[in-house]
Amino acid sequence: MPGTVQSIERAAAILRTLAGGPGRLGLSEIARSLDLAKGTTHGILRTLQRVGFVEQDRVSGHYQLGGALLHLGTSYLDINELRSRSINWADPLAARSGEAVRIGTVLEGRVLVVHHVFRPDDTFQTLDVGSLLPLHATALGKVLLAYRAGGATAAQLDAYTRKTVISKRELSTALDQVREAGWGADVEELTLGQAAVAAPIRGYGGLVVGAIGVSGPVERICDSRYRPRQHLVTCVRDAARAVSRDLGAARQ
Amino acid sequence: MTESYVVAIDQGTTSTRCIVFDRRGQLVSLAQQEHKQYFPKPGWVEHDAMEIWRNVERLAPRALQRAGITSDQVAAVGIANQRETTVVWDRRTGRPLDHAIVWQDTRTDALVHELAALPGAQAVTDRCGLPLATYFSGPRLRWMLDHTPGLRERAERGEVLCGTMETWLIWNLTGGLHVTDVTNASRTMLMDVRALDWSPESLAFFGIPRDMLPEVRPSVGVFGTAVAAFPGVRIGAALGDQQAALFGQTCFTPGEAKCTYGTGSFLLLNTGTEPVRPENGLLSTVAYQIAGAPATYALEGSIAITGSLVQWFRDQLELISSAPEIETLARTVADNGGCYIVPAFSGLYAPHWRSEARGVIVGLTSYITKGHLARAVLEATAWQTREVVDAMARDSGLALKTLKVDGGMTADNLLMQIIADVLDVPLVRPLAVETVSLGAAYAAGLAVGYWPDLDGLRSNWHIAGQWMPAMRPEIRETEYAHWRRAVERTFDWIQPA
């Protein structure tokens with residue numbers, strides 16, 4: 001059995017100290033009460049601050065528990081923040097791939113579209129930010145499902161086309177493949193004639209906070225054997241990595 | 001054949017950037033460096049022009065290296081620059097005599113009041129299309145001549161030169177070419193916007209020796225060949241940053257307009273080849289001039305407080321922890337609940353120009369939540385845009401059909417929808433984030449034949465997003481009336497001492 005990680009124990013002790021304290025606490029007070037070096041304490045506090053578990057008062061410099069602790073069960077990243085941070089990478093993805101780009105996150109068992117860039121051909125298109133898509137029948141959804149603890153929790157596996165994955169076992173295999181490859185696809189699983197490729201967007205610590213992908217007519221997205229074209233997969237994965245880097249995920 | 005590229009130098013207020021673009025107008029690489037802001041006294045803002053030039057020298061090889069290209073693959077360099085920032089330097093040594101005075105600097109306030117009372121002030125305004133204000137470079141140059149011992153004598157002997165930032169950069173890039181472009185010259189108050197050259201009468205009014213001024217050239221056309229930073233590369237264009245954004249948004253036809261939504265917002269409307277005489281608090285400015293063709297003009301409306309109202313909401317009220325969360329908070333309610341915020345933090349700008357106005361929050365009841373306030377914050381940007389658009393329609397007779405948008409705030413979907421709703425025209429966002437530098441690159445590439453013509457540039461422009469108006473007309477009218485009443489409540493707050 002592996003040993004315990006000391007810095008995590010210390011981080012937990014700092015959180016308990018802040019939770020038990022009368023209000024905001026200064027660095028020296030925290031360090032003194034835990035008998036830790038100031039430098040060590042400061043390093044842990046800065047890390048906790050970065051993940052939102054601790055907040056620092058701008059004027060006094062004192063620390064308190066962060067708002068993110070109250071929302072541990074829900075998505076930590078505001079969806080509008082996600083859009084704002086990814087917009088500079090979604091545009092080049094649309095330009096390079098020549099296809100429409102969408103960014104999605106999970107909301108109540110579905111994919112919520114948080115950003116949409118039109119296919120750059122100036123045909124009439126409508127922004128579908130805010131619309132909800134099925135998790136199991138879309139590339140975005142499969143990527144989001146693949147990295148959720150507990151795996152396939154899509155309640156009902158409705159069939160949208162003949163190719164939609166509707167058996168739990170098959171879906172589980174598909175999600176294994178997504179984790180293996182680091183990207184996912186749907187080929188005519190939601191709409192006949194349409195296909196999509198998506199990859200995960202990671203925040204700090206590698207947490208998957210969303211997915212980014214391109215979609216379009218199956219003959220443009222896939223080769224003659226109905227497999228997504230390699231250059232599209234590369235473009236999508238590069239864009240996903242670029243957004244992840246911006247969000248503070250370690251380089252993979 | 002090796003692929004060639006165009007480079008833009010975007011010399012902005014806080015940083016300088018070099019960006020490499022390919023033939024499709026796609027960003028290939030970017031290098032950026034901030035420069036120091038000097039605040040020697042309240043209201044004074046200065047830059048070290050030498051620091052800015054050194055940054056360009058450092059950024060040029062970095063941008064090329066990141067793109068994996070060499071300078072012989074660069075077809076042309078274009079410059080977009082912060083406007084109205086003015087510097088004076090020694091013709092012989094090339095050293096600035098002092099820091100550059102930045103566009104935000106208000107040290108010429110008293111001088112501008114004095115000048116406005118002189119006979120001939122109205123004629124100056126008529127010739128240049130701008131009101132007398134601290135914003136522009138002419139009064140700034142006069143201030144330098146008045147406050148630097150010996151400067152006037154040296155200027156009259158032709159020993160010192162002045163210019164805005166593109167002039168300074170071209171001087172250094174070419175090793176001594178002293179030129180400006182019509183868009184930057186149109187922000188000095190010294191140029192006759194019809195003649196497109198310095199007006200002797202305006203120079204006499206401000207007391208500025210002709211010999212210290214650069215030669216006025218078209219914005220799009222080869223200025224010269226660089227000997228530093230990009231040795232051997234032709235300088236194909238120079239434009240003020242907002243004019244560059246208009247060019248980058250390919251607003252080449254009268255009636256086409258763009259708005260850049262940032263800390264403040266700048267709306268420019270192409271008005272064609274005749275300058276429009278502004279009567280509703282807007283500025284008349286040169287949009288661009290292609291060498292050998294007549295100039296294209298624009299009306300400009302600046303809104304001082306847009307993104308900075310969101311920042312105020314975040315930093316001063318602390319109701320949100322990041323700017324994008326304003327949308328999340330605003331979406332917790334269906335409407336503004338009868339609440340309006342007019343951010344006249346330092347008076348109202350276009351089209352009202354009321355310096356004695358101060359901000360208000362009106363319509364407060366016990367029903368109002370922070371969600372309603374967030375909504376009112378976003379609506380303030382939308383209604384301010386509407387006021388500028390209405391003033392432009394009155395001045396130009398051109399009705400807006402769509403508004404092209406860019407800038408950081410375009411990431412806010414709710415804001416974009418509200419603006420489309422209150423303007424009652426579609427908003428379109430192009431697939432190009434960096435419209436300022438793209439405009440400089442387009443202009444430079446056009447000058448050297450890298451792109452064939454304006455249509456060639458238009459075909460590079462693609463819609464990345466579109467918001468259609470969806471507000472019922474009667475609601476739009478009622479809300480606009482409420483907004484106007486809220487604006488009236490800001491008037492006359494600061495009383496004469």
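Given the structure is predicted, the values throughout are model-derived calculations rather than measurements.

### With respect to the packing of aromatic side chains
- The tally for this structure, following the rule as stated, stands at 14 aromatic pairs over all chains.
- A ring pair is formed by Tyr450(B) and Trp451(B), whose centres lie 4.7 Å apart and whose planes are at 85°; its orientation type is edge-to-face.
- A relative accessible area of 3% means that Trp451(B) is categorised as buried.
- Members of the aromatic cluster, joined through ring pairs, are Trp89(B), Trp168(B) and Trp171(B).
- A cation over an aromatic ring shows up here: Arg202(A) above the ring of Tyr147(A), its NZ or CZ 4.9 Å from the ring centre.
- A cation sits over an aromatic face here: Arg107(B) above Trp44(B), 3.7 Å from the ring centre.

### Brief notes about the nonpolar core
All names here are of chain B.
- If you look at the biggest cluster of nonpolar residues, it comprises 74 residues, and the most contacted ones within it are Leu141, Phe206, Ile208, Met212 and Phe247.
- Sort the elements by how many residues they give to this core and helix α14 (residues 435-447) lands first, with 8 residues.
- Ignoring anything within four residues of it in the chain, the contact list for Ile208 reads Gly138, Leu141, Arg142, Leu145, Leu190, Leu203 and Leu213.
- Counting residues in hydrophobic clusters, the runner-up holds 64 residues, among them Ala257, Ile305, Phe313 and Val487.

### Some words on helix α3 (residues 121-128) of chain B
Residues and elements named next belong to chain B.
- Considered for burial, the residues of α3 that qualify are Ala121, Val124, Arg127 and Cys128. Burial along α3 is one-sided: seen end-on, the buried residues are contained in an arc of 125°.
- Buried positions along α3 lie against α2 (109-117), β10 (191-192), α8 (200-206) and β17 (283-288).
- Within two residues after α3, Gly129 carries a phi angle of roughly 80°, on the positive side.

### Here we look at the interface of chain B and chain A
- Counting from both sides, the interface comprises 25 residues of chain B and, opposite them, 23 residues of chain A.
- Each partner contributes to the roughly 1900 Å² buried at the junction of chain B and chain A, and carbon and sulfur atoms together form 49% of this total.
- In terms of surface lost to chain A, no three residues of chain B exceed Pro324(B), Ala411(B) and Leu431(B), which account for 25% of the buried area on that side.
- If you look at where chain B meets chain A, you find 3 salt bridges.
- One salt bridge connects Arg58(A) with Glu318(B), and the closest N-O pair in it is separated by 3.8 Å.
- Between the two partners, chain B and chain A, sit 11 residue pairs in polar contact (both at pLDDT 80 or more).
- Of all the elements in the fold, those that place two or more residues in the side of chain B that touches chain A are α11 (325-330), β22 (427-430) and β23 (463-467) of chain B.
- In terms of residue count, β23(B) provides more of the side of chain B that touches chain A than any other element does, 5 residues in total.
- Residue classes in the side of chain B that touches chain A are distributed as 10 nonpolar, 8 polar and 7 charged.

### Quick notes on the packing of helix α1 (residues 6-20) of chain A against helix α3 (residues 38-50) of chain A
All names here are of chain A.
- Running from amino to carboxyl end, α1 crosses α3 at an angle of 80°, the nearest separation of the two axes being 10 Å. Relative to α3, α1 is oriented roughly perpendicular. For the pair formed by α1 and α3, the contact residues are Ser7, Arg10, Ala11, Ile14, Leu15 and Leu18 on the first element and Thr40, Thr41, Ile44, Leu45 and Leu48 on the second.
- Residues of the contact of α1 with α3, tallied by class, amount to 7 nonpolar, 3 polar and 1 charged.

### Remarks on the sheet that holds β23(B)
Residues and elements named next belong to chain B.
- With respect to topology, 7 strands assemble into an open sheet ordered β17-β18-β16-β15-β21-β22-β23, the strand pairing being mixed. In this open sheet, the two edge strands, each paired with only one partner strand, are β17 and β23. Each adjacent strand pair in this sheet contributes to an overall mean axis angle of 30°, direction not counted.
- Both β22 and β23 contribute to a ladder of 4 bridges, which runs antiparallel. Its bridge partner lying in β23, Val428 is registered against Gln466.

### Regarding the domain arrangement of chain A
- By the assigned domains, chain A splits into domain 1 (6-65) and domain 2 (72-246).
- Distance from the C-alpha centre of domain 1 of chain A to the C-alpha centre of domain 2 of chain A: 38 Å.

### Brief notes about the sheet that holds strand β1 (residues 5-11) of chain B
All names here are of chain B.
- The strand order across the open sheet formed by 6 strands is β3-β2-β1-β5-β14-β13, and the pairing between neighbours is mixed. Each having just a single partner strand, β3 (27-34) and β13 (220-225) make up the two edges of the open sheet. Strand-to-strand twist in this sheet, taken as the mean axis angle between neighbours without regard to direction, amounts to 25°.
- Across the sheet, helix α6 (residues 165-174) touches β1, β5 (74-81), β13 and β14 (234-240), and the angle it forms with β5 is around 150°.
- Sitting on the sheet, helix α9 (residues 241-248) is in contact with β5, β13 and β14, with an inclination near 105° to β14.

### Focus: the pattern of salt bridges
- Per the stated rule, a full pass over the model turns up 38 salt bridges over all chains.
- In this structure, the salt-bridge partner of Arg24(A) is Asp57(A), at a minimum N-O distance of 3.0 Å. Linking Arg24(A) in the loop between α1 and α2 (27-34) with Asp57(A) in the loop between β1 (54-56) and β2 (63-65), this pair joins segments that are 33 residues apart in sequence.
- According to the relative accessible area criterion, Asp57(A) is buried, its value standing at 18%.
- Note that Arg107(B) is salt-bridged to Glu46(B), the shortest N-O span being 2.9 Å.

### Focus on the pairing of β1(B)
Residue and element names in this part refer to chain B.
- Of all 7 residues in β1, 7 are buried, a share of seventy percent or more.
- Alternating residues of β1 divide into Tyr5, Val7, Ile9 and Gln11 and Val6, Ala8 and Asp10, and every residue in both groups is buried.
- Direction of pairing for β1 relative to strand β2 (residues 15-21): antiparallel, over a ladder of 6 bridges. Following the sheet pairing, Val6 is matched in β2 by Phe21.
- Between β1 and β2, which follow one another and run antiparallel, lie 3 residues.

### Remarks on unusual backbone geometry
All names here are of chain B.
- A positive phi is found at Ala229, a non-glycine position, where the angle reads about 65°.
- Residue position: Ala229 is located in the loop between β13 and β14.
- Although it is not a glycine, Trp353 sits at a positive phi angle of roughly 50°.
- Given a relative accessible area of 43%, Trp353 falls into the partly exposed group.

Parameters and conventions
Residues numbered from 1 in each chain as written. Chains lettered and ligands numbered in written order. Predicted model: local features only at pLDDT ≥ 70, side-chain atom pairs only at ≥ 80, totals over all residues. Heavy atoms only, no water. Phe/Tyr/Trp six-rings, centres within 6.5 Å; stacked < 30°, edge-to-face > 60°. Buried < 20%, exposed > 50% of the residue type's maximum accessible area, 1.4 Å probe, protein only. Lys NZ or Arg CZ within 6 Å of the ring centre and 35° of its normal. Core = buried A, V, L, I, M, F, W, Y, C linked by side-chain atoms within 4.5 Å. Helix = DSSP H or I, 4+ residues; strand = E, 2+ residues; numbered from the N terminus. Contact = heavy atoms within 4.5 Å. Arc of directions from axis to C-beta. Buried area = accessible area lost by both parts, 1.4 Å probe. Salt bridge = Lys/Arg side-chain N within 4 Å of Asp/Glu carboxyl O. Polar contact = N/O pair within 3.5 Å; in protein donor to acceptor, adjacent residues only side chain to side chain. Nonpolar A, V, L, I, M, F, W, Y, C, P; charged D, E, K, R; others polar. Axes fitted to C-alpha atoms, helices over the stretch in contact; angles between N-to-C directions. Parallel < 35°, antiparallel > 145°, perpendicular 65-115°, else oblique. Pairing = 2+ DSSP bridges. Domains from an automatic or database assignment.

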